[in-house]
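Report on the structure
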Protein chains: 2
Amino acid sequence: MKQFQDRIRAEGRVLPGNIIKVDGFLNHRVDTALMRDIAKEFKGRFDLSGLTAVLTVEASGIALATICAEEFGVPMIFAKKAKSDNIEGGLYKSDIYSYTYKKKVTLIVSSQWLGPDDKVLVIDDFLANGEALRGLVEIVQEAKAELIGIGIAIEKGFQPGGKKLREAGVHLESLAIIEQADENGIVFRGE
Amino acid sequence: MKQFQDRIRAEGRVLPGNIIKVDGFLNHRVDTALMRDIAKEFKGRFDLSGLTAVLTVEASGIALATICAEEFGVPMIFAKKAKSDNIEGGLYKSDIYSYTYKKKVTLIVSSQWLGPDDKVLVIDDFLANGEALRGLVEIVQEAKAELIGIGIAIEKGFQPGGKKLREAGVHLESLAIIEQADENGIVFRGE
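Figured I'd write up the structure that's included with this text. Bear in mind the structure is a predicted one, so any value in this text is a computation, not a measurement.

Per the counting criterion, the structure on display carries 34 salt bridges over all chains. Here R189 of chain A makes a salt bridge to E179 of chain A, at a shortest N to O gap of 2.3 Å. In this pair, R189 of chain A sits in the segment after strand 11 (185-188) while E179 of chain A sits in strand 10 (residues 172-182), placing the two residues 10 residues apart along the sequence. Between R36 of chain B and E70 of chain B there is a salt bridge whose closest N-O contact spans 2.5 Å. One end of the pair, R36 of chain B, is in helix 2 (residues 32-45); the other, E70 of chain B, is in helix 3 (residues 62-72), with 34 residues separating them in the sequence. In terms of burial, R36 of chain B and E70 of chain B fall into one category: buried.

Structure, rendered in C-alpha coordinates:
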(Lines give C-alpha, C1' and ligand atoms only; values in the text may rest on other atoms or scores of the structure.)
Protein backbone atom coordinates (compact mmCIF):
# COMPACT_ATOMS: atom_id res chain seq x y z
CA MET A 1 0.00 0.00 0.00
CA LYS A 2 2.18 2.76 -1.45
CA GLN A 3 0.27 5.71 0.07
CA PHE A 4 0.63 4.24 3.56
CA GLN A 5 4.34 3.45 3.13
CA ASP A 6 4.95 7.02 1.92
CA ARG A 7 3.21 8.30 5.05
CA ILE A 8 5.37 6.13 7.31
CA ARG A 9 8.52 7.36 5.57
CA ALA A 10 7.44 11.01 5.72
CA GLU A 11 6.13 11.13 9.29
CA GLY A 12 7.53 8.08 11.06
CA ARG A 13 10.71 8.29 13.12
CA VAL A 14 13.20 5.59 13.93
CA LEU A 15 14.25 5.44 17.58
CA PRO A 16 17.06 3.38 19.13
CA GLY A 17 16.04 -0.24 19.68
CA ASN A 18 14.34 -0.59 16.28
CA ILE A 19 11.31 1.34 17.48
CA ILE A 20 9.31 2.84 14.60
CA LYS A 21 7.43 5.81 15.98
CA VAL A 22 4.21 6.49 14.08
CA ASP A 23 2.24 7.97 16.93
CA GLY A 24 1.18 11.01 14.90
CA PHE A 25 -1.21 9.00 12.74
CA LEU A 26 -1.48 5.38 13.90
CA ASN A 27 -1.24 4.65 17.60
CA HIS A 28 -1.51 7.76 19.78
CA ARG A 29 -3.02 10.42 17.55
CA VAL A 30 -5.01 8.43 14.98
CA ASP A 31 -5.80 9.64 11.44
CA THR A 32 -9.29 8.17 11.12
CA ALA A 33 -9.48 8.82 7.34
CA LEU A 34 -6.31 6.75 6.91
CA MET A 35 -7.88 3.99 9.02
CA ARG A 36 -10.81 3.96 6.56
CA ASP A 37 -8.41 3.65 3.59
CA ILE A 38 -6.66 0.75 5.33
CA ALA A 39 -10.00 -0.96 6.05
CA LYS A 40 -10.92 -0.73 2.35
CA GLU A 41 -7.54 -2.18 1.38
CA PHE A 42 -8.09 -5.18 3.69
CA LYS A 43 -11.55 -5.65 2.17
CA GLY A 44 -9.88 -6.36 -1.16
CA ARG A 45 -7.26 -8.70 0.29
CA PHE A 46 -9.43 -11.14 2.26
CA ASP A 47 -12.47 -13.23 1.40
CA LEU A 48 -14.80 -11.81 4.05
CA SER A 49 -17.94 -13.78 3.13
CA GLY A 50 -19.58 -15.04 6.29
CA LEU A 51 -17.39 -12.88 8.52
CA THR A 52 -18.96 -12.43 11.97
CA ALA A 53 -16.37 -10.41 13.92
CA VAL A 54 -13.14 -8.44 13.86
CA LEU A 55 -10.88 -9.32 16.81
CA THR A 56 -8.03 -7.20 18.18
CA VAL A 57 -6.31 -6.53 21.50
CA GLU A 58 -6.34 -3.39 23.59
CA ALA A 59 -5.26 -0.69 23.29
CA SER A 60 -3.58 0.53 20.11
CA GLY A 61 -5.29 -1.97 17.79
CA ILE A 62 -8.79 -0.80 18.70
CA ALA A 63 -9.02 2.30 16.49
CA LEU A 64 -8.12 0.47 13.28
CA ALA A 65 -10.15 -2.62 14.21
CA THR A 66 -13.23 -0.46 14.88
CA ILE A 67 -13.14 1.19 11.47
CA CYS A 68 -12.48 -2.18 9.81
CA ALA A 69 -15.41 -3.79 11.63
CA GLU A 70 -17.74 -0.98 10.60
CA GLU A 71 -16.48 -1.21 7.00
CA PHE A 72 -17.16 -4.97 6.99
CA GLY A 73 -20.52 -4.65 8.82
CA VAL A 74 -19.63 -6.77 11.86
CA PRO A 75 -18.93 -6.15 15.56
CA MET A 76 -15.41 -5.46 16.84
CA ILE A 77 -14.22 -7.49 19.83
CA PHE A 78 -11.10 -6.49 21.73
CA ALA A 79 -9.22 -8.87 23.99
CA LYS A 80 -8.45 -7.32 27.35
CA LYS A 81 -5.16 -7.56 29.17
CA ALA A 82 -5.34 -9.13 32.65
CA LYS A 83 -8.48 -9.16 34.73
CA SER A 84 -10.57 -6.15 35.69
CA ASP A 85 -13.46 -6.45 38.11
CA ASN A 86 -15.99 -5.96 35.35
CA ILE A 87 -15.35 -9.27 33.60
CA GLU A 88 -16.96 -12.38 35.07
CA GLY A 89 -16.07 -16.04 34.52
CA GLY A 90 -16.42 -17.83 31.20
CA LEU A 91 -13.26 -16.55 29.58
CA TYR A 92 -10.93 -17.61 26.82
CA LYS A 93 -7.38 -16.89 27.95
CA SER A 94 -3.92 -16.83 26.45
CA ASP A 95 -0.65 -15.93 28.15
CA ILE A 96 1.73 -13.87 26.07
CA TYR A 97 4.98 -12.02 26.70
CA SER A 98 4.72 -8.26 26.21
CA TYR A 99 7.97 -6.84 24.82
CA THR A 100 6.58 -3.32 25.32
CA TYR A 101 6.02 -3.83 29.05
CA LYS A 102 8.65 -6.56 29.53
CA LYS A 103 6.31 -8.90 31.41
CA LYS A 104 3.81 -11.68 31.01
CA VAL A 105 0.30 -10.54 30.13
CA THR A 106 -2.88 -12.60 29.94
CA LEU A 107 -5.25 -11.84 27.06
CA ILE A 108 -8.90 -12.53 27.82
CA VAL A 109 -12.10 -12.63 25.78
CA SER A 110 -15.49 -13.45 27.24
CA SER A 111 -16.75 -16.78 25.90
CA GLN A 112 -20.15 -15.14 25.46
CA TRP A 113 -18.94 -13.24 22.43
CA LEU A 114 -16.98 -15.82 20.45
CA GLY A 115 -17.89 -19.42 19.58
CA PRO A 116 -17.88 -22.21 16.98
CA ASP A 117 -20.21 -20.31 14.63
CA ASP A 118 -17.86 -17.35 14.31
CA LYS A 119 -15.62 -16.45 11.38
CA VAL A 120 -13.02 -14.00 12.59
CA LEU A 121 -10.57 -11.56 11.02
CA VAL A 122 -7.83 -10.47 13.43
CA ILE A 123 -6.61 -6.87 13.04
CA ASP A 124 -3.70 -5.12 14.74
CA ASP A 125 -1.61 -2.01 14.16
CA PHE A 126 1.82 -3.63 14.59
CA LEU A 127 3.44 -7.03 14.16
CA ALA A 128 6.94 -7.55 15.52
CA ASN A 129 7.57 -10.66 17.61
CA GLY A 130 3.98 -11.73 17.11
CA GLU A 131 3.21 -12.55 20.74
CA ALA A 132 -0.08 -10.60 20.84
CA LEU A 133 -1.19 -12.25 17.60
CA ARG A 134 -0.21 -15.70 18.82
CA GLY A 135 -2.47 -15.03 21.81
CA LEU A 136 -5.37 -13.89 19.63
CA VAL A 137 -5.01 -16.91 17.34
CA GLU A 138 -5.03 -19.18 20.42
CA ILE A 139 -8.22 -17.50 21.63
CA VAL A 140 -9.89 -18.04 18.24
CA GLN A 141 -8.86 -21.72 18.44
CA GLU A 142 -10.10 -22.03 22.04
CA ALA A 143 -13.46 -20.66 20.88
CA LYS A 144 -13.46 -23.22 18.03
CA ALA A 145 -14.12 -20.28 15.71
CA GLU A 146 -12.71 -20.01 12.19
CA LEU A 147 -9.77 -17.67 11.57
CA ILE A 148 -10.09 -16.04 8.15
CA GLY A 149 -6.78 -14.24 8.44
CA ILE A 150 -4.79 -11.47 10.07
CA GLY A 151 -4.58 -7.89 8.79
CA ILE A 152 -1.68 -5.76 10.01
CA ALA A 153 -0.86 -2.13 9.33
CA ILE A 154 2.92 -2.27 9.94
CA GLU A 155 5.02 -5.42 10.13
CA LYS A 156 8.64 -5.32 11.25
CA GLY A 157 10.00 -7.77 8.71
CA PHE A 158 13.31 -8.05 10.57
CA GLN A 159 11.56 -9.55 13.61
CA PRO A 160 10.24 -13.13 13.58
CA GLY A 161 6.46 -12.73 14.09
CA GLY A 162 5.39 -12.54 10.46
CA LYS A 163 7.55 -15.46 9.36
CA LYS A 164 6.17 -17.68 12.15
CA LEU A 165 2.56 -16.90 11.29
CA ARG A 166 3.05 -17.45 7.54
CA GLU A 167 4.82 -20.76 8.19
CA ALA A 168 1.87 -21.79 10.34
CA GLY A 169 -0.36 -21.31 7.29
CA VAL A 170 -2.13 -18.17 8.46
CA HIS A 171 -3.35 -15.78 5.75
CA LEU A 172 -1.41 -12.72 6.88
CA GLU A 173 -1.64 -9.38 5.08
CA SER A 174 0.67 -6.56 6.21
CA LEU A 175 0.26 -3.26 4.40
CA ALA A 176 3.80 -2.09 5.09
CA ILE A 177 6.63 -4.52 5.85
CA ILE A 178 9.70 -2.73 7.15
CA GLU A 179 12.91 -4.61 6.35
CA GLN A 180 15.33 -2.09 7.76
CA ALA A 181 15.00 1.03 9.89
CA ASP A 182 17.98 3.04 11.05
CA GLU A 183 19.62 6.47 10.79
CA ASN A 184 19.66 6.06 6.99
CA GLY A 185 15.87 5.79 6.85
CA ILE A 186 13.30 3.07 6.28
CA VAL A 187 13.43 0.31 3.66
CA PHE A 188 10.21 -1.58 2.87
CA ARG A 189 10.03 -5.16 1.59
CA GLY A 190 9.90 -5.17 -2.20
CA GLU A 191 11.96 -2.02 -2.62
CA MET B 1 -31.31 8.95 23.26
CA LYS B 2 -34.22 6.54 23.54
CA GLN B 3 -32.90 3.86 21.15
CA PHE B 4 -29.68 3.61 23.16
CA GLN B 5 -31.47 3.48 26.51
CA ASP B 6 -33.72 0.69 25.18
CA ARG B 7 -30.62 -1.23 24.14
CA ILE B 8 -29.07 -0.86 27.60
CA ARG B 9 -32.27 -2.06 29.24
CA ALA B 10 -32.64 -5.01 26.85
CA GLU B 11 -29.05 -6.25 26.83
CA GLY B 12 -27.33 -4.69 29.83
CA ARG B 13 -27.01 -6.56 33.08
CA VAL B 14 -26.69 -5.24 36.60
CA LEU B 15 -23.98 -6.87 38.70
CA PRO B 16 -23.34 -6.48 42.43
CA GLY B 17 -21.46 -3.27 43.22
CA ASN B 18 -23.51 -1.12 40.85
CA ILE B 19 -21.67 -2.48 37.82
CA ILE B 20 -23.66 -2.07 34.61
CA LYS B 21 -22.44 -4.72 32.22
CA VAL B 22 -22.84 -3.66 28.59
CA ASP B 23 -19.93 -5.58 27.16
CA GLY B 24 -22.02 -7.10 24.38
CA PHE B 25 -22.28 -3.83 22.48
CA LEU B 26 -20.20 -1.07 24.11
CA ASN B 27 -16.94 -2.04 25.76
CA HIS B 28 -15.79 -5.55 24.92
CA ARG B 29 -17.75 -6.56 21.84
CA VAL B 30 -18.55 -3.24 20.17
CA ASP B 31 -21.55 -2.61 17.89
CA THR B 32 -19.90 -0.27 15.40
CA ALA B 33 -23.22 0.77 13.79
CA LEU B 34 -24.44 1.90 17.22
CA MET B 35 -21.19 3.87 17.68
CA ARG B 36 -21.99 5.68 14.41
CA ASP B 37 -25.52 6.52 15.67
CA ILE B 38 -24.03 7.87 18.90
CA ALA B 39 -21.48 9.97 16.96
CA LYS B 40 -24.30 11.53 14.93
CA GLU B 41 -26.23 12.27 18.11
CA PHE B 42 -23.21 14.09 19.60
CA LYS B 43 -22.86 16.06 16.35
CA GLY B 44 -26.25 17.60 17.04
CA ARG B 45 -25.54 18.33 20.71
CA PHE B 46 -22.23 20.23 20.46
CA ASP B 47 -21.07 23.22 18.43
CA LEU B 48 -18.15 21.52 16.69
CA SER B 49 -17.03 24.46 14.52
CA GLY B 50 -13.25 24.69 14.61
CA LEU B 51 -12.89 21.31 16.31
CA THR B 52 -9.37 19.92 15.84
CA ALA B 53 -9.39 16.67 17.85
CA VAL B 54 -11.39 14.10 19.79
CA LEU B 55 -9.63 13.05 23.00
CA THR B 56 -10.28 9.87 24.99
CA VAL B 57 -8.38 7.47 27.24
CA GLU B 58 -7.41 3.87 26.57
CA ALA B 59 -8.86 1.34 26.29
CA SER B 60 -12.65 1.15 26.24
CA GLY B 61 -13.20 4.75 25.08
CA ILE B 62 -11.21 4.29 21.89
CA ALA B 63 -13.84 2.56 19.72
CA LEU B 64 -16.49 5.24 20.25
CA ALA B 65 -13.97 8.09 20.06
CA THR B 66 -12.62 6.75 16.75
CA ILE B 67 -16.03 6.70 15.07
CA CYS B 68 -16.83 10.14 16.52
CA ALA B 69 -13.56 11.58 15.23
CA GLU B 70 -14.17 10.18 11.76
CA GLU B 71 -17.75 11.52 11.82
CA PHE B 72 -16.44 14.99 12.78
CA GLY B 73 -13.49 14.86 10.34
CA VAL B 74 -10.71 15.22 12.92
CA PRO B 75 -8.01 12.97 14.41
CA MET B 76 -8.64 10.91 17.55
CA ILE B 77 -6.06 11.12 20.33
CA PHE B 78 -6.08 8.62 23.19
CA ALA B 79 -4.33 9.25 26.47
CA LYS B 80 -2.18 6.32 27.54
CA LYS B 81 -2.01 4.90 31.02
CA ALA B 82 1.47 4.88 32.58
CA LYS B 83 4.64 4.92 30.55
CA SER B 84 5.58 2.46 27.85
CA ASP B 85 9.01 2.47 26.23
CA ASN B 86 7.62 3.86 22.99
CA ILE B 87 6.73 7.30 24.33
CA GLU B 88 9.53 9.83 24.69
CA GLY B 89 9.65 13.00 26.80
CA GLY B 90 7.43 16.01 26.23
CA LEU B 91 4.30 14.73 27.92
CA TYR B 92 1.19 16.16 29.48
CA LYS B 93 0.41 14.11 32.58
CA SER B 94 -2.40 13.74 35.05
CA ASP B 95 -2.63 11.39 38.00
CA ILE B 96 -6.02 9.80 38.56
CA TYR B 97 -7.41 7.06 40.76
CA SER B 98 -8.71 4.06 38.84
CA TYR B 99 -11.71 2.51 40.60
CA THR B 100 -11.60 -0.38 38.11
CA TYR B 101 -8.04 -1.33 39.01
CA LYS B 102 -8.03 0.16 42.54
CA LYS B 103 -4.78 2.04 42.10
CA LYS B 104 -3.26 5.31 40.97
CA VAL B 105 -2.79 5.63 37.23
CA THR B 106 -1.00 8.36 35.29
CA LEU B 107 -2.64 9.52 32.06
CA ILE B 108 -0.19 10.78 29.45
CA VAL B 109 -0.52 12.57 26.12
CA SER B 110 2.45 13.61 23.99
CA SER B 111 2.75 17.39 23.87
CA GLN B 112 3.44 17.06 20.14
CA TRP B 113 -0.22 16.32 19.47
CA LEU B 114 -2.08 18.85 21.59
CA GLY B 115 -1.45 22.58 22.01
CA PRO B 116 -2.93 26.09 22.37
CA ASP B 117 -4.44 26.03 18.85
CA ASP B 118 -6.53 22.94 19.55
CA LYS B 119 -10.28 22.76 20.17
CA VAL B 120 -11.05 19.44 21.78
CA LEU B 121 -14.13 17.30 22.40
CA VAL B 122 -13.56 14.63 25.04
CA ILE B 123 -15.39 11.33 24.49
CA ASP B 124 -15.70 8.31 26.79
CA ASP B 125 -17.93 5.28 27.12
CA PHE B 126 -18.63 5.60 30.86
CA LEU B 127 -18.81 8.30 33.50
CA ALA B 128 -19.06 7.25 37.15
CA ASN B 129 -16.70 8.94 39.60
CA GLY B 130 -15.25 11.04 36.83
CA GLU B 131 -11.59 10.44 37.62
CA ALA B 132 -10.58 9.60 34.04
CA LEU B 133 -12.42 12.66 32.75
CA ARG B 134 -10.89 14.91 35.40
CA GLY B 135 -7.52 13.70 34.12
CA LEU B 136 -8.41 14.38 30.49
CA VAL B 137 -9.70 17.86 31.32
CA GLU B 138 -6.46 18.57 33.19
CA ILE B 139 -4.46 17.47 30.15
CA VAL B 140 -6.49 19.80 27.88
CA GLN B 141 -5.77 22.64 30.34
CA GLU B 142 -2.07 21.76 30.52
CA ALA B 143 -1.95 21.94 26.72
CA LYS B 144 -3.70 25.35 26.88
CA ALA B 145 -6.20 23.92 24.39
CA GLU B 146 -9.90 24.76 24.38
CA LEU B 147 -12.36 22.20 25.76
CA ILE B 148 -15.60 22.25 23.75
CA GLY B 149 -17.28 19.69 25.93
CA ILE B 150 -17.52 16.06 27.01
CA GLY B 151 -19.66 13.42 25.33
CA ILE B 152 -20.46 10.28 27.31
CA ALA B 153 -22.38 7.18 26.30
CA ILE B 154 -23.48 6.03 29.79
CA GLU B 155 -23.39 8.13 32.95
CA LYS B 156 -24.04 6.61 36.34
CA GLY B 157 -26.16 9.43 37.75
CA PHE B 158 -25.95 8.02 41.27
CA GLN B 159 -22.17 8.53 41.32
CA PRO B 160 -20.66 12.01 41.65
CA GLY B 161 -18.67 12.47 38.41
CA GLY B 162 -21.36 14.10 36.28
CA LYS B 163 -22.46 16.52 39.00
CA LYS B 164 -18.88 17.67 39.60
CA LEU B 165 -18.22 18.31 35.91
CA ARG B 166 -21.51 20.21 35.39
CA GLU B 167 -20.84 22.33 38.48
CA ALA B 168 -17.41 23.15 37.04
CA GLY B 169 -19.19 24.59 34.00
CA VAL B 170 -18.26 21.84 31.53
CA HIS B 171 -20.70 21.21 28.66
CA LEU B 172 -21.40 17.56 29.42
CA GLU B 173 -23.73 15.44 27.30
CA SER B 174 -24.54 11.90 28.47
CA LEU B 175 -26.80 9.87 26.20
CA ALA B 176 -28.08 7.63 28.97
CA ILE B 177 -28.01 8.67 32.62
CA ILE B 178 -28.72 5.75 34.91
CA GLU B 179 -30.33 6.85 38.18
CA GLN B 180 -30.85 3.44 39.66
CA ALA B 181 -29.71 -0.06 38.76
CA ASP B 182 -30.58 -3.09 40.84
CA GLU B 183 -32.43 -6.41 40.75
CA ASN B 184 -35.59 -4.52 39.77
CA GLY B 185 -33.97 -3.21 36.61
CA ILE B 186 -32.61 0.07 35.33
CA VAL B 187 -34.16 3.54 35.79
CA PHE B 188 -32.93 6.38 33.55
CA ARG B 189 -32.97 10.06 34.46
CA GLY B 190 -36.17 11.69 33.20
CA GLU B 191 -38.26 8.54 33.51
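Following the structure, the description resumes.
This part is about unusual backbone geometry. Backbone geometry follows two general trends: most residues other than glycine have a negative phi, and most peptide bonds adopt the trans configuration. All names here are of chain A. In this structure, the amide linkage connecting E58 to the following residue, A59, adopts the cis form with an omega of 0°. Within the fold, A59 resides in the loop between strand 4 (53-57) and helix 3 (62-72). At K144, a residue that is not glycine, the phi angle is positive and equals roughly 60°. Among the secondary structure elements, K144 is positioned in the loop between helix 4 (131-142) and strand 9 (146-156).

Moving on, we get to the interface of chain A and chain B. Taken together, the 40 residues of chain A in the interface contact 40 residues of chain B. For the pair chain A and chain B, the summed buried area comes to about 3,700 Å², and 57% of that belongs to carbon and sulfur atoms. For the chain A face of the interface with chain B, the top three residues by lost area are H28, R29 and W113 of chain A, together amounting to 20%. Counting across the interface, chain A meets chain B through two salt bridges. Put simply, chain A and chain B have 14 residue pairs in polar contact (both at pLDDT 80 or more) between them. Mapped by element, the contributors of at least two residues to the side of chain A that touches chain B are strand 1 (13-15), strand 2 (19-21), strand 3 (29-30), helix 2 (32-45), helix 3, strand 5 (76-81) and strand 7 (103-110) of chain A. With six residues, helix 3 of chain A is the largest single contributor of residues to the side of chain A that touches chain B. Inspection of the sheet shows strand 5 of chain A paired to strand 3 (residues 29-30) of chain B by two bridges, in the antiparallel sense. If you follow M76 of chain A over to strand 3 of chain B, its bridge partner there is V30 of chain B.

About the criteria used
Residues numbered from 1 in each chain as written. Chains lettered and ligands numbered in written order. Predicted model: local features only at pLDDT ≥ 70, side-chain atom pairs only at ≥ 80, totals over all residues. Heavy atoms only, no water. Salt bridge = Lys/Arg side-chain N within 4 Å of Asp/Glu carboxyl O. Helix = DSSP H or I, 4+ residues; strand = E, 2+ residues; numbered from the N terminus. Buried < 20%, exposed > 50% of the residue type's maximum accessible area, 1.4 Å probe, protein only. Contact = heavy atoms within 4.5 Å. Buried area = accessible area lost by both parts, 1.4 Å probe. Polar contact = N/O pair within 3.5 Å; in protein donor to acceptor, adjacent residues only side chain to side chain. Pairing = 2+ DSSP bridges.

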